[in-house]
Amino acid sequence: MSAKHQAFIPVTTKCPICECESQHRYIKSKMVSSLETEDDLHVVTYKWESPEFEHIRPNFYHIWHCPHCQFCEEKEVFRGDDKSGGKLELIQEKILILQRNPKSFLAIIGGMINLRDEPVEINNALLAHLQAIYIQQMLSPNNRQFAKLARFYLRTAWLYREWTALEDVVPGPPPQGFPSWEAFLEKLTVLWPDMPRDESAAIKLSIENYQRDLDKGSALDDIRHDVQVMFVLVSLYMRMEALDDALKYVRFIFQRCTQKRQETRHVLEKGVSLGKLNGRQIEQMRNLVNWLNNTIDRCTELSETVNHKIFEKEFPTARDLVMAMAEPTQELIGDTLREQGYHEVTVRKIVAMFNRQLAEKQGKSGPATNSDTPSTNSGNSGDQKKGGIWGRLTGGGK
Ligand SMILES: [Zn+2]
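Anyway, here's the lowdown on the structure attached to this text. By convention here, each chain's residues receive numbers from 1 onward along its written sequence. Where local features are concerned, this predicted model is filtered to residues with pLDDT of at least 70; where side-chain atom pairs are given and counted, the filter is 80 or more; whole-chain, interface and lining totals use all residues.

Along the chain, the regular secondary structure elements total twelve helices and six strands. Three exposure classes are used. Buried residues have 20 or more other C-beta atoms within 10 Å of their own C-beta, exposed residues have 12 or fewer, and partly exposed residues fall in between, all C-beta atoms being placed from the backbone. Expressed as a percentage of the 398 residues in the chain, the buried residues total 28%. Labels follow the DSSP assignment, with helices taken as runs of H or I lasting at least four residues and strands as runs of E lasting at least two, numbered in each case from the N terminus.

As structure tokens, then:
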């Protein structure tokens, strides 16, 4: 087979931990692109240049493994391109000691990982990811690379998702002595109690680490990076049904971008009027303002989506509560729903709906739009006999 028809580029590199040489490979970037991507950046389907490679899932090849000392990391670290590689000195000794202890997590998992065969099986990709995380967690908390951990946990969540959701992804047989992979993973938690054993556990840990990374503050003060991380967080929160947290982050992105846009415009106007900016700087700032405008629009849309999800989820029980009131008023509805822990989005919408119905009944307003009411008929507000869901509340329908 000619090199042109191969998906991988083979490389021999020295391990940054044990300094032994081993063979690795990475996928030629021109050979593959993503076809369908989810909100949390997970690629569901890939498009290959040649159909003969369609069985390959590039994310299975993301982590490299040294068969000599069981070290697992991204290729950039193996090749010395990762600037944060300096932290390795802090754990090098630890890894070398643990890999000689056959009862350690590092040695057990390392001895099982097989990334050499083609194609790589999902169980091997998963073990390599878990090993990479385990190694990163050896760093003391103040040296930990939260962005990297967040990314590894997220990639692990994708693997768990693919394991259950993708039909053409078939794991190899479970390790000897275990009836299933689940049983094996459960046993591993003896050595690593916090090890994520399913998608949602991995997502939770990814969220935790992304938050820590954001709290730490970006060293580059790079708003594009921060915003990208926060959008991933929003999608992860939505996956976990933590809609309130999702909404908080959308608002936070919105505020940060609005503020940054104002600052950038100010600097741009001032710089141009004083002739202190060159063409390149002006272009960069205009690009940034355009990007911020698009991001702000995206926030507005996303916030609508999350609001709608919150309301849809809470509406049925909130409506029942209001309908059980003998004499509902705006204040009583608001207080009761807030006391019961309903989201402000739901409280405001329901109070607004109540007021609209009341106003209609008293003839103070025009035809109702009722656009907030999910899946109920609207527009026939004059007919109190049908009266929609609020007919009973305002004394109609009897
Ligand atoms: Zn090594």
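A few words now on the nonpolar core. What makes a nonpolar core is a set of buried Ala, Val, Leu, Ile, Met, Phe, Trp, Tyr and Cys residues, with links drawn between C-beta atoms within 7 Å. Counting 75 residues, the largest nonpolar core has Tyr153, Leu233, Val234, Ala246 and Val250 as the members making the most contacts within it. Reported domain spans reflect what an automatic or database domain assignment gives. Here this core gathers at least three residues from each of two domains, domain 1 (3-156 + 169-187) and domain 2 (325-390). Distance between backbone-placed C-beta atoms decides contact: two residues are in contact if it is within 7 Å. Apart from residues lying up to four places away in sequence, Ala246 is in contact with Val234, Tyr237, Met238 and Val306.

This paragraph deals with the pairing of strand S3 (residues 32-37). Relative to strand S4 (residues 43-48), S3 runs antiparallel, the two being bridged by five bridges. Counted as the bridge partner of Ser33 is Lys47 from S4. Think of it this way: DSSP has to see at least two bridges between two strands before they count as a pair. In sequence, S3 turns back onto S4 through a hairpin of five residues, with Leu41 there showing a positive phi of about 75°.

Here His225 lies in helix H8 (residues 223-239). In the structure, His225 is positioned eleven residues away from Leu214 in sequence and 10.0 Å away in space, judged by C-alpha atoms.

This brings us to the pairing of strand S2 (residues 21-27). Pairing between strand S1 (residues 8-14) and S2: seven bridges, direction antiparallel. Directly across from Ile9, in S2, lies its bridge partner Tyr26. What sits between the antiparallel neighbours S1 and S2 is a turn of six residues, in which Glu19 has the positive phi angle 65°.

Lines fitted to C-alpha atoms define the axes here, with helix axes fitted over just the stretch in contact, and angles between the N-to-C directions of these axes take values from 0 to 180 degrees. The interhelical angle for the contact between helix H7 (residues 199-216) and H8, taken along N-to-C directions, is 150°, at an axis separation of 10 Å. Accordingly, the angle class assigned to the pair H7 and H8 is roughly antiparallel. Considering the relative orientation of H7 and H8, their crossing is left-handed. Counting all contacts with H7, which are made through Ile203, Ser206, Ile207, Tyr210, Asp213 and Leu214, the residues of H8 involved are Asp226, Val229, Val232, Leu233, Leu236, Tyr237 and Arg239. For the contact of H7 with H8, the residue count by class is nine nonpolar, one polar and three charged. Oblique is the label for any angle not under 35 degrees, not over 145, and not in the 65 to 115 range, which are roughly parallel, roughly antiparallel and roughly perpendicular in turn. Note on convention: near helix rotated counterclockwise from far helix by under a right angle means a left-handed crossing. Clockwise means right-handed. Classes in brief: Ala, Val, Leu, Ile, Met, Phe, Trp, Tyr, Cys and Pro nonpolar; Asp, Glu, Lys and Arg charged; the others, Gly included, polar.

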